[in-house]
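Chain by chain, the residues run as shown.
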Number of protein chains: 4
Amino acid sequence: MSRLKVGVVGAGAMGASHVRTLGTAVPSAEIVSVFDMDTARAQEVAGEFGATAADSPEALIAQVDAFVIASPDFTHADLAVAGIEAGTYVLCEKPLAVTAEDAYRVVDAEVAAGRRFVQVGFNRRFDPGFVSLKGHITDGTLGDVKLLHGIHRNASNATSTDDAGLVTGSMIHEFDTFRWLLDDDVTAIRVESPIVEGFRDPQLATIWMKNGQMITAEVYVNAGYGYDVRVEVVGSGGSASLEPRTPVVARVSGASSSAVGSDFVAHFIESYRLELSAWADASLRGEVVGASAFDGFAANVVAEAGVQALRSGERQPVEIPAAPGLYT
Amino acid sequence: MSRLKVGVVGAGAMGASHVRTLGTAVPSAEIVSVFDMDTARAQEVAGEFGATAADSPEALIAQVDAFVIASPDFTHADLAVAGIEAGTYVLCEKPLAVTAEDAYRVVDAEVAAGRRFVQVGFNRRFDPGFVSLKGHITDGTLGDVKLLHGIHRNASNATSTDDAGLVTGSMIHEFDTFRWLLDDDVTAIRVESPIVEGFRDPQLATIWMKNGQMITAEVYVNAGYGYDVRVEVVGSGGSASLEPRTPVVARVSGASSSAVGSDFVAHFIESYRLELSAWADASLRGEVVGASAFDGFAANVVAEAGVQALRSGERQPVEIPAAPGLYT
Amino acid sequence: MSRLKVGVVGAGAMGASHVRTLGTAVPSAEIVSVFDMDTARAQEVAGEFGATAADSPEALIAQVDAFVIASPDFTHADLAVAGIEAGTYVLCEKPLAVTAEDAYRVVDAEVAAGRRFVQVGFNRRFDPGFVSLKGHITDGTLGDVKLLHGIHRNASNATSTDDAGLVTGSMIHEFDTFRWLLDDDVTAIRVESPIVEGFRDPQLATIWMKNGQMITAEVYVNAGYGYDVRVEVVGSGGSASLEPRTPVVARVSGASSSAVGSDFVAHFIESYRLELSAWADASLRGEVVGASAFDGFAANVVAEAGVQALRSGERQPVEIPAAPGLYT
Amino acid sequence: MSRLKVGVVGAGAMGASHVRTLGTAVPSAEIVSVFDMDTARAQEVAGEFGATAADSPEALIAQVDAFVIASPDFTHADLAVAGIEAGTYVLCEKPLAVTAEDAYRVVDAEVAAGRRFVQVGFNRRFDPGFVSLKGHITDGTLGDVKLLHGIHRNASNATSTDDAGLVTGSMIHEFDTFRWLLDDDVTAIRVESPIVEGFRDPQLATIWMKNGQMITAEVYVNAGYGYDVRVEVVGSGGSASLEPRTPVVARVSGASSSAVGSDFVAHFIESYRLELSAWADASLRGEVVGASAFDGFAANVVAEAGVQALRSGERQPVEIPAAPGLYT
């Protein structure tokens with residue numbers, strides 16, 4: 001069967017993981033090229049799977065049918081646009097851009113091209129736990145959904161190191177998660193923190209959806225004990241909680257315990273595999289699945305409102321413009 | 001050993017449960033009198049334990065060393081004051097009063113008497129789960145506490161049937177719980193709801209403590225599936241969650257499940273036993289334990305601010321005056 | 001109301017706990033006397049509740065309506081017989097006797113008296129978890145029961161220090177538990193151990209019931225990590241597992257954990273309270289509840305067969321004679 | 001990169017699942033051929049991934065570098081031998097053969113060839129939960145292992161429909177699991193059942209290992225409620241239990257529950273993916289991983305003793321001959 005020629009831009013932790021997942025678990029893709037500012041790093045990662053290091057992102061794009069963007073956030077939008085203009089499929093790590101305006105450039109590029117090329121790497125949409133949670137909503141088990149409660153904790157802050165970065169780099173996952181779970185859009189957001197000086201971590205968001213649901217979301221990137229992502233959905237018919245647990249329970253020294261890891265890539269590795277696999281299969285069929293460029297833009301709009309809300313201490317309205325016809 | 005002569009005012013579900021608990025599980029107390037507007041009901045409940053029905057609360061007070069107030073909320077403050085004036089110990093069901101002003105009359109009466117007589121029935125302070133949760137805070141396991149998340153759901157609304165009643169009748173438990181867990185006071189509160197017309201249930205409170213912690217609290221009195229009270233405390237060193245589970249897990253018909261009851265008295269029956277037992281023992285020693293009249297007043301102050309916050313949609317400052325010397 | 005005059009023979013850990021439970025949580029009983037070989041110990045324990053130390057078990061029996069036997073196992077049967085002959089109610093800690101023959105002397109004494117006086121302290125029959133587990137059997141949820149699996153682990157061996165002692169002192173709880181859960185009798189037993197030299201701990205029993213169910217039971221009195229008692233019942237309609245868990249879950253240092261205690265008295269304290277309360281109430285009514293002297297004898301019969309099976313390595317038939325009419 | 005040309009013999013539920021897993025998740029393998037007695041079925045399954053249906057197993061073997069045996073059990077040994085003789089790598093579904101004698105023909109063929117070609121499909125060795133459980137043994141957390149308890153339940157019996165079939169078709173998984181977990185061999189087995197007439201399901205095995213550990217294993221293929229595989233390992237330092245749970249907990253209608261599926265393929269799908277992936281990668285490197293032909297033979301030896309034990313009701317010694325040098 002024909003395979004998708006794939007490149008990966010960015011060979012850091014996330015990029016290298018994607019290369020390895022593609023190489024070991026996605027038969028429909030063939031990695032041909034890896035780019036990184038650190039060429040030796042790119043060669044090392046590429047070499048594992050018989051691919052080569054590209055001299056530039058542009059050179060990589062010229063070689064491939066589709067590519068993954070896992071380079072620093074500020075490069076995402078430009079690379080996505082370049083991919084669209086080259087007619088290649090793109091899986092862009094979240095966030096799609098650093099600003100909503102930049103994200104919209106990607107939307108504009110797709111509209112100009114007259115078709116979609118970009119999937120945004122909101123991997124939770126492919127996580128079996130999140131998919132099951134959504135199933136409890138869509139199958140009616142929970143009745144009318146009234147509330148959601150989200151928790152998103154990292155053991156220590158790797159990338160989200162300032163107030164705005166925590167919103168745009170970490171909490172942005174929640175924004176997409178809630179939009180997707182409820183198939184609805186955000187109308188307002190408030191972001192607060194018990195910390196008033198220095199790095200405001202944890203942060204507590206309150207989010208309002210168009211259909212009336214309210215959501216509380218805690219993001220805490222220095223939670224110490226491990227990586228912990230949970231969501232509870234509360235409706236008139238009951239509640240469903242995503243609360244993963246390792247399959248082994250140890251009873252040792254006066255405690256019954258299960259391990260909590262600290263590596264988000266390991267935690268969500270199955271979702272990355274399913275995401276990359278779905279992306280490669282869809283690209284071969286000429287389709288785009290998962291979160292669209294418009295979804296990526298919408299998450300950026302919410303994030304910008306969130307940053308503003310954190311600064312003002314006020315509830316901030318969120319206005320997401322109507323999606324171009326391409327996305328509906 | 002000498003036993004405390006005890007009366008119970010109010011023989012509804014809560015009062016009758018207290019009579020039964022005292023009679024079957026509190027040896028230091030002897031029930032001598034029960035009062036209820038429905039005399040037949042009082043006789044029936046009293047008769048189980050060889051006590052008699054009183055003609056009036058005043059007649060009951062004259063007969064006893066100590067009494068429990070489990071009559072309708074609006075009668076609490078007057079009865080508590082009458083108890084203080086008669087020099088009898090009082091265990092008053094929450095709330096201590098319907099308004100903070102009324103609650104303060106009880107504080108004033110104790111100050112005038114020059115000593116304390118009143119314990120407020122914030123039973124969670126005696127619940128083994130809540131006590132263990134507090135232990136995780138005070139023993140330093142959790143490091144610096146940053147956040148708490150509370151959930152308080154009833155299967156269906158029995159007593160809290162309007163917006164203010166939900167705050168004053170149900171959420172008031174959370175107010176005392178958070179003050180007690182953190183040994184700190186509330187400085188501000190916000191209360192919102194996804195429901196904008198009709199009975200605003202569920203409600204979401206955000207609470208700020210003097211020491212800087214933020215708290216989210218959901219109260220939902222028509223949650224359908226059962227009675228569910230949970231609290232998670234999040235600190236720099238980790239998190240502790242109170243999440244009780246029945247000891248039996250059944251695997252039947254494609255599900256592994258444990259029962260969730262709907263009766264709050266059954267759920268907290270052990271805490272009521274320990275509360276009544278501690279109260280009777282303390283009364284015999286001439287002491288008062290548990291939540292004080294001032295704690296009851298403080299909870300009412302927060303509740304009033306909560307009701308106002310729900311109406312205004314704004315964050316409401318909470319000012320709890322300094323406690324009289326009697327309470328410190 | 002009139003109260004039952006109660007004595008306690010034996011003021012060790014178990015006896016002292018019973019005195020304290022009676023004194024603080026069983027209003028229908030009044031402790032009047034405590035006996036222990038160590039008189040100072042008896043005085044200390046008795047003094048907490050205004051009772052006095054007795055000079056001898058006989059002197060104690062003469063003073064009371066009912067008494068608890070919590071002295072060393074070899075004294076149980078004689079004391080129970082003495083209680084029957086004095087017409088007092090008896091709650092005898094397990095085992096009822098060290099040998100089945102001795103246990104039958106208690107049965108004989110009741111038969112001679114023409115009525116029952118003795119309850120054997122198989123406290124699990126009063127444990128809310130075990131009661132709920134039995135409910136899953138009797139309400140038909142599990143269909144036809146086929147198998148049970150029991151686990152009984154102590155952190156370290158306090159009293160069961162030799163091969164036979166482990167069966168007669170610890171596993172005897174399982175024998176009564178299975179008879180009671182299934183309302184059926186044992187017909188055969190096998191007991192084996194992975195340990196072939198020295199103290200044979202853990203031990204694995206296989207038990208056959210008259211109605212055909214098979215049971216596996218592990219008893220391990222040096223399990224190290226804590227006290228752990230679990231039972232799974234497996235039927236044609238599903239399975240139910242008693243697997244208690246503390247209500248607080250801590251997430252700290254890479255693990256999500258709940259505490260496992262090592263003190264069996266603390267673990268089962270609620271069952272002891274309910275057992276003592278039911279015993280005192282029944283005694284006041286002139287009745288006997290819980291495990292009968294015959295049940296105690298039957299457990300001893302199974303234990304003797306178990307010890308023999310452990311020695312022979314063979315499956316040992318168990319023949320429990322028909323119960324005298326008094327017990328049916 | 002070069003890919004392994006792979007065939008699959010047998011396109012039933014298991015075989016079709018393997019084809020799909022290879023095709024969608026194992027990039028190092030390329031499916032070229034599928035054989036099934038039902039040619040239309042083979043064509044349908046093969047067609048999904050651009051492969052073709054073979055006319056015979058021999059024709060398939062001639063086309064491939066490696067193949068999977070997922071045809072009926074009685075065909076396994078002959079096909080494995082044919083594969084060895086053709087110099088192709090083989091992944092043979094369990095059991096390796098219906099009898100130990102037949103299984104040894106496969107071992108003999110490898111010895112004759114002077115090298116190994118065969119991996120036996122004991123997929124649990126690749127299951128992340130089982131791997132983590134083994135980690136608790138090998139890292140010393142549990143101290144000296146004394147006991148294991150296994151549970152293996154199917155909702156309804158698909159393939160194991162007679163007494164011997166339950167041992168050879170289902171319990172054989174436990175035999176390999178215990179040998180692998182403890183890195184030790186079985187010395188004796190006993191198999192019993194509470195069912196004395198008709199299909200003897202459930203069955204209870206007691207297993208002794210060379211190093212002295214004892215194991216209890218329940219297999220119940222008509223457990224009704226779902227597919228449930230659990231193992232607890234008990235040592236001097238504590239216990240570790242494999243007890244998988246779905247990540248979503250629903251609170252609905254008076255119960256808190258998580259789903260228990262009934263499809264063993266779905267339950268273990270991740271282990272199949274990892275097994276097939278490891279097999280294909282190893283085959284490309286000219287190596288064999290996972291359970292060897294000798295392990296497959298050893299499991300058959302235990303199974304034969306188990307069947308004999310079930311018939312005799314006696315403990316049956318198990319003698320596994322020393323492995324040829326090829327396997328050590």
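Definitions and cut-offs
Residues numbered from 1 in each chain as written. Chains lettered and ligands numbered in written order. Predicted model: local features only at pLDDT ≥ 70, side-chain atom pairs only at ≥ 80, totals over all residues. Helix = DSSP H or I, 4+ residues; strand = E, 2+ residues; numbered from the N terminus. Rg over C-alpha atoms; globule rule 2.2 N^0.38 Å. Buried ≥ 20, exposed ≤ 12 C-beta atoms within 10 Å, placed from the backbone. pLDDT = per-residue confidence, 0-100. Contact = placed C-beta atoms within 7 Å. Nonpolar A, V, L, I, M, F, W, Y, C, P; charged D, E, K, R; others polar. Least-squares fit on C-alpha atoms with pLDDT ≥ 70 in both. Pairing = 2+ DSSP bridges. Domains from an automatic or database assignment. Arc of directions from axis to C-beta. Axes fitted to C-alpha atoms, helices over the stretch in contact; angles between N-to-C directions. Parallel < 35°, antiparallel > 145°, perpendicular 65-115°, else oblique. Left-handed = near helix turned anticlockwise from the far one by under 90°.

Tallying secondary structure elements over chain A gives ten helices and 16 strands in all. In terms of overall size, chain A behaves like a compact globule, its C-alpha atoms giving a radius of gyration of 20 Å where 328 residues would be expected to give roughly 20 Å. Along the three orthogonal principal directions, the C-alpha set of chain A runs to about 55 × 50 × 45 Å. Here chain A holds 328 residues, and the buried ones make up 60% of them.

Glancing now at the confidence of the model for chain A. Interpretation of the predicted coordinates at a detailed level should be avoided for regions scoring low in pLDDT. The share of residues in chain A with pLDDT of 70 or more is 100%, and the mean pLDDT across the chain is 97. Confidence metrics for the complex model read pTM 0.97 and ipTM 0.95.

Taken together, the contact between chain B and chain A spans 19 residues of the former and 19 residues of the latter. Looking at the side of chain B that touches chain A, the elements with two or more residues in it are strand 7 (145–153), strand 10 (214–220) and strand 12 (238–242) of chain B. Ranked by residues supplied to the side of chain B that touches chain A, first place goes to strand 10 of chain B with four residues. Residues belonging to the side of chain B that touches chain A are distributed by class as follows: eight nonpolar, eight polar and three charged.

This paragraph deals with the environment of Ala 223 of chain A. Residues and elements named next belong to chain A. Position of Ala 223 among the secondary structure elements: in the loop between strand 10 (214–220) and strand 11 (228–235). Residue Ala 223 is classed as buried on the basis of its 28 C-beta neighbours within 10 Å. Distance in space between the C-alpha atoms of Ala 223 and Phe 264 is 13 Å, their sequence separation being 41 residues.

Superposing chain B onto chain A requires a rotation of 180 degrees together with a translation of 0.0 Å along the rotation axis, leaving an RMSD of 0.0 Å. Both chain copies can therefore be described as sitting about a two-fold axis. For chain B, the residue whose C-alpha comes nearest the rotation axis is Thr 216 of chain B, separated from it by 4.0 Å. A share of 100% of interface residues in chain B that are also interface residues in chain A marks the association as one of identical surfaces.

Right, let's talk about the interface of chain A and chain D for a bit. In this complex, chain A contributes 31 residues to the contact, which on the side of chain D involves 31 residues. Among the secondary structure elements, those contributing two or more residues to the side of chain A that touches chain D are helix 1 (13–25), helix 6 (128–138), strand 12 (238–242) and strand 13 (248–252) of chain A. Among the residues making up the side of chain A that touches chain D, the classes are represented as 14 nonpolar, 14 polar and three charged. Bridge analysis of strand 12 of chain A against strand 13 (residues 248–252) of chain D gives four bridges, and the strand direction is antiparallel. Looking at the pairing, Ser 239 of chain A lines up with Arg 251 of chain D of strand 13 of chain D.

So, about the pairing of strand 1 (residues 4–9) of chain A. Residue and element names in this part refer to chain A. Along strand 1, five of the six residues are buried, which leaves the element largely enclosed by surrounding structure. Pairing geometry for strand 1 and strand 2 (residues 29–35), over six bridges, is parallel. Opposite Lys 5, over in strand 2, you have Glu 30 as the bridge partner. Sheet analysis places strand 1 next to strand 4 (residues 66–69), joined by four bridges and oriented parallel.

What follows is about the domain arrangement of chain A. All names here are of chain A. Annotation of chain A at the domain level lists domain 1 (4–123 + 270–299) and domain 2 (125–263). Each of domain 1 and domain 2 has a C-alpha centre, and the two are 26 Å apart. Contacts between domain 1 and domain 2 engage 15 residues on the former and eleven residues on the latter. If you list the elements that add at least two residues to the side of domain 1 that touches domain 2, you get helix 9 (269–285) and helix 10 (293–312).

Residues and elements named next belong to chain D. Restricting attention to buried positions, one finds in helix 2 (residues 39–47) the residues Ala 42, Val 45 and Ala 46. With its buried residues spanning 95 degrees around the axis, helix 2 presents them on a single face. Opposite the buried face of helix 2, at more than 90 degrees from it, the exposed residues are Ala 40 and Gly 47. Those residues of helix 2 hidden inside the fold are in contact with helix 1 (13–25), strand 2 (29–35) and strand 3 (52–53).

Take the relation of the copies chain A and chain D next. With an RMSD of 0.0 Å, chain A superimposes on chain D once it is rotated by 180 degrees and translated 0.0 Å along the axis. When the interface residues of chain A are mapped onto chain D, 100% of them again lie at the interface, so the same face is used by both copies.

What follows concerns the packing of helix 1 of chain A against helix 9 of chain A. Residue and element names in this part refer to chain A. Across the interface, helix 1 lies against helix 9 with an axial gap of 10 Å and an inter-helix angle of 70 degrees. Between helix 1 and helix 9, the crossing angle belongs to the class labelled roughly perpendicular. Here helix 1 and helix 9 pass one another in a crossing that is right-handed. Each of Ser 17, His 18, Thr 21, Leu 22 and Ala 25 in helix 1 lies in contact with helix 9, whose residues at this interface are Tyr 272, Arg 273 and Leu 276. Grouping the amino acids of the contact of helix 1 with helix 9 by side-chain chemistry returns four nonpolar, three polar and one charged.

With that settled, the discussion passes to unusual backbone geometry. Note on backbone geometry: most residues besides glycine have negative phi, and most peptide bonds are trans. At the junction of Asp 201 of chain B and Pro 202 of chain B, the peptide bond is cis and its omega measures out at 5 degrees in the coordinates. In this model, Lys 94 of chain C is joined to Pro 95 of chain C through a cis peptide bond whose omega is -10 degrees. With respect to the secondary-structure elements, Pro 95 of chain C resides in the loop between strand 5 (89–93) and helix 5 (100–113). Here Ser 253 of chain A, not a glycine, exhibits a phi torsion of approximately 50 degrees, which is positive. A tally of 15 C-beta atoms within 10 Å means that Ser 253 of chain A is categorised as partly exposed.

This part takes up the sheet that holds strand 3 of chain D. Residue and element names in this part refer to chain D. Here seven strands make up an open sheet; going across it, the order is 3-2-1-4-5-6-15 and the pairing mixed. Among the strands making up the open sheet, the edge pair consists of strand 3 and strand 15 (291–292). Inspection of the sheet shows strand 2 paired to strand 3 by two bridges, in the parallel sense. When the bridges of strand 3 are listed, Ser 33 appears paired with Thr 52.

Residues and elements named next belong to chain C. The interhelical angle for the contact between helix 5 and helix 10 (residues 293–312), taken along N-to-C directions, is 165 degrees, at an axis separation of 8 Å. Considering their axes alone, helix 5 and helix 10 lie roughly antiparallel with respect to each other. In the packing of helix 5 onto helix 10, the handedness of the crossing is left-handed. Between helix 5 and helix 10, the residues in contact are Ala 100, Ala 103, Tyr 104, Val 106, Val 107 and Glu 110 and Ala 293, Phe 294, Gly 296, Phe 297, Asn 300, Val 301 and Glu 304, respectively.

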